[in-house]
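The residues making up each chain are set out below.
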Amino acid sequence: MINLLQTRLTWLASLLLAFCVVGYPVAGLIAATMDWPSRWTSVPFRAVVALLALMVAVLVWRSRPLNRWSWVLVVWLALYSVRLSSNVFEGYPGAIYEMAFFCLAVALPVLAFLKCDLGGIERQARVLIIWLAAGILVFAIAAEYLGWFGANSQTFIAGRLSTVTINPITLGHVSVSLLLATVAWRMQSDRGNSLVLLALISLGLASMSYAGSRGPFVSLVATLTILVFAAPWSGREALVSRAITLATMGVACLLIIYPLPMDHLITQSSLQRGLSDDVIQERRIGLEETKQDRVALSDKASDERLELLKSSSTTFLNNLVFGASNWVANEGHYPHNLILEAFQNLGIVGGGIFLVLLLMSSYRAWGRIRHGEYMVPLLFFQALVGGQFSGSLYAYAQLWTTLTLLLASGAITPRTVSSGRI
């Protein structure tokens, strides 16, 4: 059995990465379609991720010793585990859930990837992420058009594509992951089908517009900007890839200012919820304001985030050495900024270590892009930028898994680019 799994190790690790980056919406969309409680699908999904992580960890953990940056990551995660454990002992509501989520969705995948060589899983993971993300987005849009979500549709309430189990920010980041993986595929495979490429990019851009979230948009533009400056652009095919990258950025900027019409999706959502004509008309007036919020610099949601940031900053300054929990700062709400959350939760030492880990991972991601490896570095930068506007330390699996792969694989050299080991 072990020998059989060993032959499938690269595929198992690639599937684990795909699930950590874009897998969860599968569970959420199934729950919304079947009108099930979200835990009926989310718990089995997390169990599958944990099982995959354990299988990969068992197979790779005798392969080689940890490098020094992997040890630094382990130390930081141990410190953060102490914070989560203290929250449980303090009896804060939701603390047990956060601890369990962190162990299953973050700690176990990190354990699996600590000794994985990134070069071995880049290609297979890219294929899995592209088609898994594309399937999720096609299903989400089609199910809304066809009325499969029923009363679980939230599109009418939010004015953005969403359900009670999947928020528009999540769908927006799935769209960005699809776009980045597709651009990486084009840059590493000059013979890619042009029609398929156009269809995937169009789907990603349309879905991002329907989701209407500014955080994913900013992470897409920032990440593609990094790609433009870091990638070795030389030769005709490289120029074509650069043109595709710039065109994707340009269309994304247009769509955030002039989003695709949502009238049909909103109407369909209102019909699914069985609302009266008066309520529908009243909500439509409110949705006109929502459209303006997409490009506004300030709205109710932004003001709430700003208050969370201020409260977390004050809490950190009052607890410089050991930090304080999110319950002390924001009654359990995380500040929607990972760097600030790290300083607030763990004080100046723990926050400083986290910042160093991000800087080292960014340096290695930049180096890998310079040497022709794109997907995982791009997904890391997406998560890094997105983490400044949304997400929490205990649950941001995309950041932790891509960061771990970059640190565990070591500094890249031309000789190691085509390694293929795991």
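Residues numbered from 1 in each chain as written. Predicted model: local features only at pLDDT ≥ 70, side-chain atom pairs only at ≥ 80, totals over all residues. Heavy atoms only, no water.

Turning next to the overall build of the chain. Across its full length, the chain holds 18 helices and zero strands. Taking all 422 residues of the chain together, 53% fall into the buried category. The long-range share in the chain, meaning contacts at least 24 apart out of those at least 6 apart in sequence, stands at 77%. Total accessible area computed for the chain in this model is approximately 18,700 Å², and 65% of it derives from carbon and sulfur atoms. (Helix = DSSP H or I, 4+ residues; strand = E, 2+ residues; numbered from the N terminus. Buried < 20%, exposed > 50% of the residue type's maximum accessible area, 1.4 Å probe, protein only. Contact = heavy atoms within 4.5 Å. Areas by Shrake-Rupley, 256 points an atom, 1.4 Å probe, with all protein chains shown as cover.)

So, on to empty space enclosed by the protein. Counted according to the given criterion, the structure contains one cavity of 30 Å³ or more. Quantified by volume, the largest cavity comes out at close to 70 Å³. Considering the residues around the largest cavity, the lining is formed by 10 residues, among which Met-208, Ser-209, Gly-212, Leu-255 and Ile-256 are closest to the centre. Elements with a contribution of two residues or more to the lining of the largest cavity: α9 (194-211) and α11 (236-257). With three residues, the single largest contributor to the lining of the largest cavity is α11. (1 Å grid on protein atoms, 1.4 Å probe; cavity = no way out; pocket = protein on both sides within 12 Å on 5 of 7 lines; lining within 4 Å. Points joined across faces, edges and corners; volume = space filled by probe spheres on them.)

Turning our eyes to something else, we now look at the confidence of the model for the chain. Of all residues in the chain, 87% attain a pLDDT of 70 or more, and the chain-wide mean is 87. Mean pLDDT across the secondary structure elements of the chain bottoms out at helix α1 (residues 2-7), with 51, and peaks at helix α17 (residues 375-386), with 97. Predicted confidence for residues 413-422 stays below pLDDT 50, and this span has 17 contacts to residues more than four positions away or in other chains. (pLDDT = per-residue confidence, 0-100.)

Here the focus is unusual backbone geometry. In this structure, Glu-331 is a non-glycine residue whose phi angle is positive, near 55°. Inspection of the secondary structure puts Glu-331 in the loop between α15 (326-330) and α16 (338-370). In this model, His-336 sits at a positive phi of 65°, which is unusual for a non-glycine residue. The exposure class assigned to His-336 is buried, which follows from its relative accessible area of 15%.

A separate point is the packing of aromatic side chains. The final tally for this structure, using the stated rule, is 15 aromatic pairs. Ring geometry for Trp-76 and Tyr-80: centres 5.3 Å apart, planes at 15°, overall stacked. With a gap of four residues between them, Trp-76 and Tyr-80 both fall in helix α4 (residues 68-89), about one helical turn apart. Assessed through its relative accessible area of 0%, Trp-76 is described here as buried. Take Tyr-80: its relative accessible area is 1%, and that puts it in the buried class. Considering the side-chain rings of Phe-316 and Phe-343, the 5.5 Å spacing of their centres and the 70° angle between planes classify their relative orientation as edge-to-face. Here the residue Phe-316 occupies a position in helix α14 (residues 300-318), and Phe-343 occupies one in helix α16, the gap between them amounting to 27 residues. These aromatic residues form a ring-pair network of at least three members: Trp-76, Tyr-80, Phe-102, Phe-354 and Trp-400. (Phe/Tyr/Trp six-rings, centres within 6.5 Å; stacked < 30°, edge-to-face > 60°.)

Ranked by internal contacts, the top residues of the largest apolar core, which has 123 residues, are Trp-76, Leu-227 and Trp-400. Among the elements that line this core, the one with the most residues is helix α2 (residues 9-34), at 14 residues. (Core = buried A, V, L, I, M, F, W, Y, C linked by side-chain atoms within 4.5 Å.)

Over its 21 residues, helix α8 (residues 168-188) extends 30 Å from the first C-alpha to the last, a length consistent with the 30 Å expected when each residue adds 1.5 Å. For α8, the tally of buried residues reaches 18 of 21 residues, placing the bulk of the element in the interior. Structurally, the start of α8 carries an N-cap: the backbone nitrogen of Ile-169 is 3.1 Å from a side-chain oxygen of Asn-167. (Expected span 1.5 Å × (residues − 1). Polar contact = N/O pair within 3.5 Å; in protein donor to acceptor, adjacent residues only side chain to side chain.)

Together, Val-26, Ile-30, Met-34, Trp-36 and Trp-40 line one region of the surface with nonpolar side chains, adding up to about 470 Å² of accessible area. Considering each element in turn, the nonpolar patch owes the most residues, three residues, to α2. With relative accessibility at 31%, the residue Val-26 sits in the partly exposed group. (Patch = residues over 30% accessible without salt bridge, like charges linked within 9 Å, V, L, I, M, F, W, Y side chains within 5 Å. Salt bridge = Lys/Arg side-chain N within 4 Å of Asp/Glu carboxyl O.)

With that out of the way, let us pick up the packing of α4 against helix α5 (residues 95-113). Taken N-terminus to C-terminus, the directions of α4 and α5 make an angle of 165°; their axes are 9 Å apart at the nearest point. Between α4 and α5, the angle is such that the two are roughly antiparallel. You can see that α4 and α5 cross each other, and the crossing is left-handed. Each of Leu-73, Leu-77, Tyr-80, Ser-81, Leu-84, Ser-85, Asn-87 and Val-88 in α4 lies in contact with α5, whose residues at this interface are Ala-95, Ile-96, Glu-98, Met-99, Phe-102 and Val-110. (Axes fitted to C-alpha atoms, helices over the stretch in contact; angles between N-to-C directions. Parallel < 35°, antiparallel > 145°, perpendicular 65-115°, else oblique. Left-handed = near helix turned anticlockwise from the far one by under 90°.)

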